[in-house]
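Here's the letter readout for the chains.
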Amino acid sequence: MFGNTFGRLFKITCSGESYSGGFRKNPNIPSELYGGLITIVDGVPPGIKITAELIQAELDKRKPGQTPLDSPRKEKDRVYIFSGVMENDLTTGAPVGMIIPNNDIQDVHIDQYRSYKDEIRPGHAEYGFFKKFGEYADWVGAGRASGRETASRVAGGAVAKAILEKMGIDVVAYTIASHGLKVDHELTYEEVKANYRKNEINCPDLALAEKMKADVMKIKGEGDTAGGIIECIAHGVPAGLGEPVFDKMSALLAHAVCSIGAIKGIEFGAGFEVANMLGSQSNDAAYVDPESGKVRFRTNHAGGILGGITTWEDIRFRCAVKPTPTVSVPQHTVNVKEMKDVVLSPITRRDPTLLPRIYPVIEAMTRCVLLDAIYMAEAYWKVSGIDEKWRRI
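Positions within a chain are numbered from 1, following the residues in the order the chain's sequence is written. Where totals are concerned, whole chains, interfaces and linings use all residues; where local detail is concerned, this predicted model gives features only for residues with pLDDT of at least 70, and gives and counts side-chain atom pairs only at 80 or more. In computing side-chain values, all of the structure's heavy atoms are included and hydrogens and water are not.

Student: I'd like to hear about the pattern of salt bridges, residue by residue, with values.
Tutor: The salt bridge definition used is simple: a Lys or Arg side-chain nitrogen within 4 Å of an Asp or Glu carboxyl oxygen. Scanning the entire structure with this criterion turns up 29 salt bridges. As a salt-bridge pair, D60 and K63 come within 3.7 Å of each other at their nearest N and O atoms. The closest approach of N and O atoms between K218 and E222, which form a salt bridge, is 2.9 Å. Relative accessible area decides the class of each residue, using a 1.4 Å probe on protein chains only: under 20% of the type maximum gives buried, over 50% gives exposed, and in between gives partly exposed. With a relative accessible area of 53%, K218 lands in the exposed category. Each of E58, K61, K161, E165, E363 and R367 takes part in one network of salt bridges that share partners.

Below you can see the structure in the form of structure tokens.
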């Protein structure tokens, strides 16, 4: 299996599966070491304060079993820092290593998956896993394709957050649509911050959030699941990050965000709405800001990125989140061992919607991209010899 490291200078390497440790319950070792998730963060500068509490605060945003809108699986998601941090909780410049044990890996749940392990669950990764890994494919809770793997991403993103906050850069993601119920205006960064995480679905429109919750609970009662849209704002991002061709900032963010299993689409700024605009409407007019003396833009249809390079304006993008594929509604599928058509009605724990738990994953991946791009840009500026005046415009 390839592709478990993300980034160029600031890099996260992740490992672990949904039920890793489920087959290694050995009374001679601590239960925390049965199995779980690991994150190695490379490129962390020395002298950054990193504590388990700091990482835990981000992990708790996506931890299951907290509300009726997410999976009842009772994972503690407790993080242990085991390298790269020493006296006074300060980083040494070495890779920061973290482990998140799996604790809710009872045999009863493993046996539920075992009962249909040879059947392709509609909407899941089984078919690709059978094609790629054959008889050795991990069939317990989707294995490496499970949303459980995103906890390790959040841990890595929390390290990036500690560094970015020292630069005044903030990243917030939030729900703007759930099963067709959608916020009817563009939310400002200030409005989002004022209402961030004030309800279980993390929608800044507090009245609409209650309607979203009621709708999801109705869908949950029917044995089905709901999708939606998450929007993300990166605030305080300096201009000049990203490259003009393959490594556009939008391309890097798309790579990061679309690597999250449930994401099925992404758009920046005005996004697909540009198809209905004239060029004169789509273009963002520039002006000199009298307070900062810098170039700013009167609108932000570009979503804070022009020519692949950041503009000082907020980076703003939206992504489509598919409904959780595990449902109780009977669905046609195939038993690959017997190569015959069957009907599947899986019995397993699931999120009726992924919206309350996926936004911190989007925040984490966005932070990793931004910090990596800052490293690349600062290195380039250092050796380029470009007059400093261009950095001040």
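Student: Help me get a handle on the sheet that holds strand β9 (residues 263-268), residues and values and all.
Tutor: The strand order β7-β6-β8-β14-β9 describes an open sheet built from five strands, whose pairing is antiparallel. Unpaired on one side and paired on the other, β7 (181-182) and β9 mark the two borders of the sheet. Any two strands with at least two DSSP-identified bridges between them are counted as paired. Strands are runs of DSSP state E lasting at least 2 residues, helices are runs of H or I lasting at least 4, and numbering of each runs from the N terminus. Two elements, strand β6 (residues 170-178) and β7, share two bridges in a ladder whose sense is antiparallel. Residue pairing in the sheet places A177 in a bridge with K182 of β7. Residue contacts follow a heavy-atom distance rule, with two residues in contact if any of their heavy atoms lie within 4.5 Å. Axis lines are fitted to C-alpha atoms, over the contacting stretch for helices. Their N-to-C directions set the angle, which ranges from 0 to 180 degrees. Contacts from helix α9 (residues 355-384) reach β6, β8 (228-235), β9 and β14 (315-321) within the one sheet, and its direction differs from that of β6 by about 145 degrees.

Student: How would you explain unusual backbone geometry if you had to name every residue and give the values?
Tutor: In this structure, A142 is a non-glycine residue whose phi angle is positive, near 80 degrees. Residues other than glycine seldom take positive phi values, yet M339 does so here, at roughly 50 degrees. With a relative accessible area of 64%, M339 lands in the exposed category.

Student: I'd love a proper account of the packing of aromatic side chains, names of residues and values included.
Tutor: Aromatic rings from Phe, Tyr and Trp, taking only the six-membered ring of Trp, are treated as a pair when their centres fall within 6.5 Å; an angle between ring planes under 30 degrees marks them as stacked, one over 60 as edge-to-face, and anything in between as tilted. In total, this model carries seven aromatic pairs according to the counting rule given. Between F10 and Y375, the ring centres sit 6.4 Å apart and the planes meet at 90 degrees, which makes this aromatic pair edge-to-face. With F10 in the loop between β1 (5-6) and β2 (11-16) and Y375 in helix α9, the pair connects residues that are 365 residues apart, well separated along the chain. Three or more aromatic residues link up through ring pairs in this structure, and these residues are Y19, Y113 and Y116. Charge-over-ring placement is defined geometrically: NZ (Lys) or CZ (Arg) within 6 Å of the ring centre, and within 35 degrees of the ring normal. The ring of Y19 carries R73 above its face, with NZ or CZ at 4.2 Å from the centroid.

Student: Give a detailed account of the environment of T92, specifying residues and quantitative values.
Tutor: Residue position: T92 is located in the loop between β4 (80-83) and β5 (96-101). Residue classification places T92 among the partly exposed residues on the basis of a relative accessible area of 39%. In this structure, the C-alpha to C-alpha distance between T92 and F10, residues 82 residues apart in sequence, is 15 Å. Polar contact is the term for a pair of N or O atoms within 3.5 Å; when the atoms are in protein, one must be able to donate a hydrogen and the other to accept it, and sequence-neighboring residues count only if both atoms are side-chain atoms. Reaching out from T92, the side chain makes a polar contact with the backbone nitrogen of A94 at a distance of 3.2 Å.

Student: I'd like a rundown of the nonpolar core, residues and numbers included.
Tutor: In this structure, F10, F317 and I362 are the most contacted members of the largest nonpolar core, which totals 81 residues. The leading source of residues in this core is α9, at 15 residues. Excluding residues that lie within four positions of it along the chain, F317 makes contacts with I230, E231, C232, L253, V257, I266, E267, F268, I362 and T366. Throughout, nonpolar core names a set of buried Ala, Val, Leu, Ile, Met, Phe, Trp, Tyr and Cys residues whose side chains join them through atoms within 4.5 Å.

Student: Describe the pairing of strand β3 (residues 36-42), naming the residues involved and giving the relevant values.
Tutor: Here six bridges tie β2 to β3, and the two strands are oriented antiparallel to one another. When the bridges of β3 are listed, C14 appears paired with T39. Two strands pair when backbone bridges link them, and β3 and β5 are joined in this way by six bridges, in the antiparallel orientation. Residue pairing across strands places I38 opposite I99, the latter belonging to β5.

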